[in-house]
Structures are given as C-alpha cells and as structure tokens.
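# Coordinates in review
Chain by chain, the residues run as shown.
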Amino acid sequence: MSRRGVLVAWALVLGLGALGPGVAEAGKSRTQYSGVVNLNEGSKEELDRLPGVGAKAAERVLAYRQKQPFKRIEELVRVKGFGKKKFEKLKPFLSITGPTTLTEEKASGSDAPKKKKSRH
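Reading the values: rules and limits
- Chains are numbered independently. Their residues run from 1 in the order of the written sequence.
- In keeping with the model being predicted, local features are shown solely for residues with a pLDDT of at least 70 and side-chain atom pairs are shown and tallied solely at 80 or more, while totals for entire chains, interfaces and linings include all residues.
- Calculation of side-chain values draws on the structure's entire complement of heavy atoms; hydrogens and water are dropped beforehand.
- Where helices and strands are cited, they refer to DSSP runs of H or I of at least four residues and of E of at least two residues respectively, numbered from the N terminus.
- For the exposure calls, accessible area comes from a 1.4 Å probe over protein chains only, and a residue counts as buried if that area is under 20% of its type's maximum, exposed if over 50%, partly exposed in between.
- What makes two residues a contact is simply this: any of their non-hydrogen atoms within 4.5 Å.
- Using the Shrake-Rupley algorithm and a 1.4 Å probe, accessible areas are obtained, with residue cover drawn only from the displayed protein chains.
- Residues enter a nonpolar core if they are buried and are Ala, Val, Leu, Ile, Met, Phe, Trp, Tyr or Cys, with the set joined through side-chain atoms within 4.5 Å.
- Aromatic pairs are defined between Phe, Tyr and Trp rings, using the six-membered ring for Trp, whenever the two ring centres lie within 6.5 Å; interplanar angles under 30 degrees are classed as stacked, those over 60 as edge-to-face, and all others as tilted.
- Between N or O atoms, a polar contact is any pair within 3.5 Å; within protein, one atom must be a potential hydrogen donor and the other a potential acceptor, and residues adjacent in sequence are included only when both atoms are from side chains.
- A pair is scored as a salt bridge if a Lys or Arg side-chain nitrogen falls within 4 Å of a carboxyl oxygen belonging to Asp or Glu.
- A residue's pLDDT is the confidence the predictor assigns to it, expressed on a 0 to 100 scale.

## A look at the overall build of the chain
Scanning the chain from N- to C-terminus turns up four helices and four strands. Traced from its N-terminal end to its C-terminal end, the chain shows the element sequence α-β-β-α-α-α-β-β. Going through the 120 residues of the chain one by one, you find that 22% of them count as buried. Taking all contacts inside the chain whose residues are at least 6 apart in sequence as the whole, residues at least 24 apart take part in 59%. Split by element, the accessible area of the chain, about 9100 Å² in all, is 56% carbon and sulfur.

## A word on the nonpolar core
One broad rule of soluble globular proteins: the nonpolar side chains tend to lie buried together. Core analysis: the biggest nonpolar cluster contains 19 residues, and Leu39, Leu50, Val61, Leu76, Phe82 and Leu94 have the highest contact counts within it. Elements with a minimum of two residues in this core: α3 (55–67) and α4 (84–90). Element by element, the count of residues in this core is highest for α3, at four residues. Those residues in contact with Leu39 that sit more than four places away from it in its chain are Leu47, Val61, Arg65, Phe70, Ile73, Leu76, Leu94 and Ser95.

## A few points about the packing of aromatic side chains
Scanning all chains against the criterion turns up two aromatic pairs. Ring centres 4.9 Å apart and planes at 35° place the aromatic pair Tyr64 and Phe70 in the tilted group. Residue Tyr64 shares its accessibility class with Phe70, and that shared class is buried.

## A look at the environment of Lys56
Counting through the fold element by element, Lys56 comes out in helix α3. Here Lys56 falls in the exposed class, since its relative accessible area comes to 63%.

## Points about the side chain of Asn38
Its place among the elements puts Asn38 in strand β2 (residues 37–38). Within the structure, the side chain of Asn38 is placed 3.2 Å from the backbone nitrogen of Glu41, a separation counted as a polar contact. Other than its neighbours up to four places away in sequence, Asn38 contacts Arg65, Ser95, Ile96, Thr97, Gly98 and Thr100.

## Here's the deal with the pattern of salt bridges
By the definition in use, this model includes two salt bridges. Residue Lys44 is joined to Glu59 by a salt bridge in which the shortest nitrogen-to-oxygen separation is 2.7 Å. On the criterion of sequence distance, the pair formed by Lys44 in helix α2 (residues 44–48) and Glu59 in helix α3 is long-range, its members being 15 residues apart.

## Remarks on the confidence of the model for the chain
Taken as a whole, the chain shows an average pLDDT of 80; of its residues, 65% reach a score of 70 or greater. Predicted confidence in the chain is weakest over helix α1 (residues 3–26), with a mean pLDDT of 50, and strongest over strand β3 (residues 94–95), with 98. In this model, residues 16–27 is a region of pLDDT below 50 whose contacts with residues beyond four sequence positions or in other chains number two contacts.

If you want it as structure tokens, here you go:
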C-alpha cells in the first residue's frame, strides 16, 4: 500500500472513531416533558421529576419554600444548585399557582413518533 493509501486509511479510521459516539447517542432514549410543577405545592417526588433535578435539589426547594413561599418562579435561582442556566432550562416547567401536571414520556431517538400536543 502506498504512503498516501496508508494516510487515507488512517484518516478513515480516525474519522469513524470520532463519529462512533455520535452515532451511538442517536439510539439513546430521550425523555420528553410536558406540564408544570407548582413550586409552592409540588411534592419532593414531583420536584425530583423535573429534568436535571435530583432528590437533594428537590429537598432544598422544599426547605426554601418553608421559610417563604415563592412569589415568582425566578426566585428559584436563590436556591443552592439552581443557577440562571438551569433555571432557563426549567422555566417552561415551573409554576407558582395551579396544580402540578408534569408528565414525562420516554421516546427512543428519532425512530419514535412525535406526540402532538392537543389544544383544549
């Protein structure tokens, strides 16, 4: 094999290695969320269901609201572990009034059909 052929072969191997993780990630399942969690009334389990929020963070939200209820969803950034970036990701799923309606649906990659939102 010529030197150029060897270089092309290595480039292909390296290129496929770089594509490997991306291709594998495409098959991973995703979770789609809809609805909201009431910051003032949601249970620890309901707060834990928020994307990127764990049990400890949910406990910190509960401790914060025991001291004073949330007047605005933006106050969440005052709770340890919730910065502006995390708040922006959670914003569509937060409320301070009404019932908690957050649901999660697991969908696998691009093979899963997209669920249409119904308007009532």
